Amino acid sequence: MLGPEFEKKIDAIVAKYPQPKAALLPVLWEVQKAQGHIDFASEQWVAKRLDVAPSHVHGCVTFYTMYKQKPSGTYHIQVCTTLSCMLRGSDELMKHLEAKLRIRPGQTTPDGRFSLARVECLGSCGTAPMFQLNDDFQEDLTLEKVDRLLESLP
Amino acid sequence: MERILTRNVGKEGSRTLAVYEAGGGYQALRKALSSMTPDAVTEEVKKSGLRGRGGAGFPTGLKWSFMPKEVDPKRPHYFLINADESEPGTFKDRLLMEEDPHLVLEGSLLGGYAIRASVVYIYIRGEFVRGAEILERAIAEAYAKGYAGRNILGSGWSCEVVVHRGAGAYICGEETALMSSLEGNRGYPRLKPPFPAASGVWGCPTTINNVETVANAPFILERGADWYLTVGKAPKNTGPKLYCLSGHVKRPGVYEAPMGLPLHELIYELGGGMLRDDRALKAVIPGGSSVPVLRADECEVDLDFDSLAAKGTMLGSAGLMVMDESVCMVAAMARIAHFYHHESCGQCTPCREGCGWLERVLARIEDGRGVPQDLDLLLSVSNNIIGNTICALGDAAAMPAISFVTKFRDEFQYHIDHKSCPTGTLAGRA
């Protein structure tokens, strides 16, 4: 599906576990890293490679919130809105982002640059409010800091 | 006081093996592997009184002692490190993994040795991308130096260490759900018994410990259980503890103190006091969002397992969420209920449906659409969740709900009677 290099990587992952099925989460991570999201064809490929039913793979892709079934924006912003962040202004942060990007949580800007999501506790409560921008936590946010950050993105 | 668990935090190069070794790192592993049997390691940890730091406070040495003393080659032993830190209000394990990954690793290997494991899996929540990378680098360094892998330090014991990333599911922090997830399934909890020590991941004997729990092991082994017993409140609340302070305080963050730190000292000394001096303390959730809330007048308490249990709540994961008088308790509880409804795995009807009921009823009370029966309805739904599910997630939604409604009943009633909020705000604001 993604070439021999990719398959080699998958073989190395599978070797770390007593059963191929156990490699499901890490293999899905690799698929998502390579393609940006996990589509139906990839699910089928993974199912065959790990010897599980395609429905099982789909069941896991939909169970775990970090697997994307559709492409997200170049910059994926996940705003924590759980209690500690709420106490420190995550609702205002979310409203600010909605107004600035002119999208609602779950949506992507028409140019594909930003997508926004409301997520549950990211384990960064001491530096609330915060969001995750792609792989990195952005912490101790203020609205001004958010503006500067978004403007600084390439 | 001496910083123990966080002694390397903030140090230049704290993630590297060189710095960890310079501070005496891996001496405990050397000592254990060269001069102690696995059972002697377990005995020492038992004697130290160490209790699990993930939430339940179960005695760690006792848990290790449940594992079979002989390894059946067809059923290898597995040691799972629960790094799925997801309990709202909790952010201590991330600090340890990102700032001192070798401490986590040495503790994991000590536990692995004690239970005769052949593989340690560190199950880290998917969002901690950087934490997973840092751990991977530390593991590579440890392998290169012979601290992990085949014939560790010439002892004859071999143990692999594998980082396994989750993918966004709070429930995977529950130990049986973690095992399901590691096996490549949805994170569905399983009934106990069988307990993991008898039949855990892949049906093999398994022990699961929290990151902070295993981070205590190197100190217990190196300095001895007798020393450990002098830290904190012996005999049942021993050792150093990481407290996660968040919400309306001036200096939120992770603070290390001997177990039994007075709550007031954490908020007013370490935490610098309330965020705004003109707003009084209203309530504290002491152990992550799953535990009953304390009213301000209940906050004369030491932060340890038994003192908080005596107040009808729990130390849990020591995630302390501080709320000032501007906070609407209906809004706060509605947010907590939203979390549990979102995170319920859906296997058990009382939790799947009950958490939704809690969320919806709380939302309508907050919106001024509550009806007089709603408070009793919340209590009734909660009481029908508790004890009726496979795992504790449902209880974790119901216990705070009961405590909020009971302890702040007037405020809930006000929303229903006046169709408005007595705090005058939708929710607490900084």
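How each quantity is defined
Residues numbered from 1 in each chain as written. Chains lettered and ligands numbered in written order. Predicted model: local features only at pLDDT ≥ 70, side-chain atom pairs only at ≥ 80, totals over all residues. Contact = placed C-beta atoms within 7 Å. Helix = DSSP H or I, 4+ residues; strand = E, 2+ residues; numbered from the N terminus. Nonpolar A, V, L, I, M, F, W, Y, C, P; charged D, E, K, R; others polar. Pairing = 2+ DSSP bridges. Buried ≥ 20, exposed ≤ 12 C-beta atoms within 10 Å, placed from the backbone.

Taken together, the contacts link 50 residues of chain B with 37 residues of chain A. Sorting the residues of the side of chain B that touches chain A by element identifies helix 7 (129-144), strand 3 (160-165), helix 8 (175-182), strand 7 (240-247), strand 8 (253-258), strand 13 (319-324) and helix 13 (329-343) of chain B as the ones contributing at least two each. Class assignment for the residues of the side of chain B that touches chain A results in 21 nonpolar, 18 polar and 11 charged.

All names here are of chain B. Spatial strand order, 8-7-13-10-11: 5 strands in an open sheet with mixed pairing. At either end of the open sheet lies a strand with only one pairing partner, and these are strand 8 and strand 11 (294-295). Sheet topology places strand 7 next to strand 8; 6 bridges connect them, and they run antiparallel. Directly across from Cys 244, in strand 8, lies its bridge partner Val 254.

Residues and elements named next belong to chain B. Counting buried positions along strand 2 (residues 117-124) gives 7 out of 8 residues, so the element sits mostly inside the fold. Pairing of strand 1 (residues 77-83) with strand 2 involves 7 bridges; the strand directions are parallel. Each residue of the ladder has a partner; that of Phe 79, found in strand 2, is Val 120. Pairing geometry for strand 2 and strand 3, over 6 bridges, is parallel. Across the sheet, Ile 124 pairs through a bridge with Arg 165, a residue of strand 3.

The omega torsion across Pro193(B) and Pro194(B) is 5°, close enough to zero to call that bond cis. Residue Ala234(B) is joined to Pro235(B) through a cis peptide bond whose omega torsion reads 0°. Along the chain, Pro235(B) falls in the loop between strand 5 (232-233) and strand 6 (237-238). If you check the backbone angles, Asp140(A) has positive phi at about 50° while not being a glycine.

Moving on, we get to the environment of Val361(B). By the secondary structure assignment, Val361(B) is in helix 14 (residues 349-366). The residues contacting Val361(B), other than those within four sequence positions of it, are Asp374(B), Leu377(B) and Leu378(B).

Our focus in this paragraph is the environment of Ile336(B). Counting through the fold element by element, Ile336(B) comes out in helix 13. For Ile336(B), the residues in contact, after removing those within four places along its chain, are Leu83(A), Ser289(B) and Pro400(B).

By themselves these figures say nothing about function.
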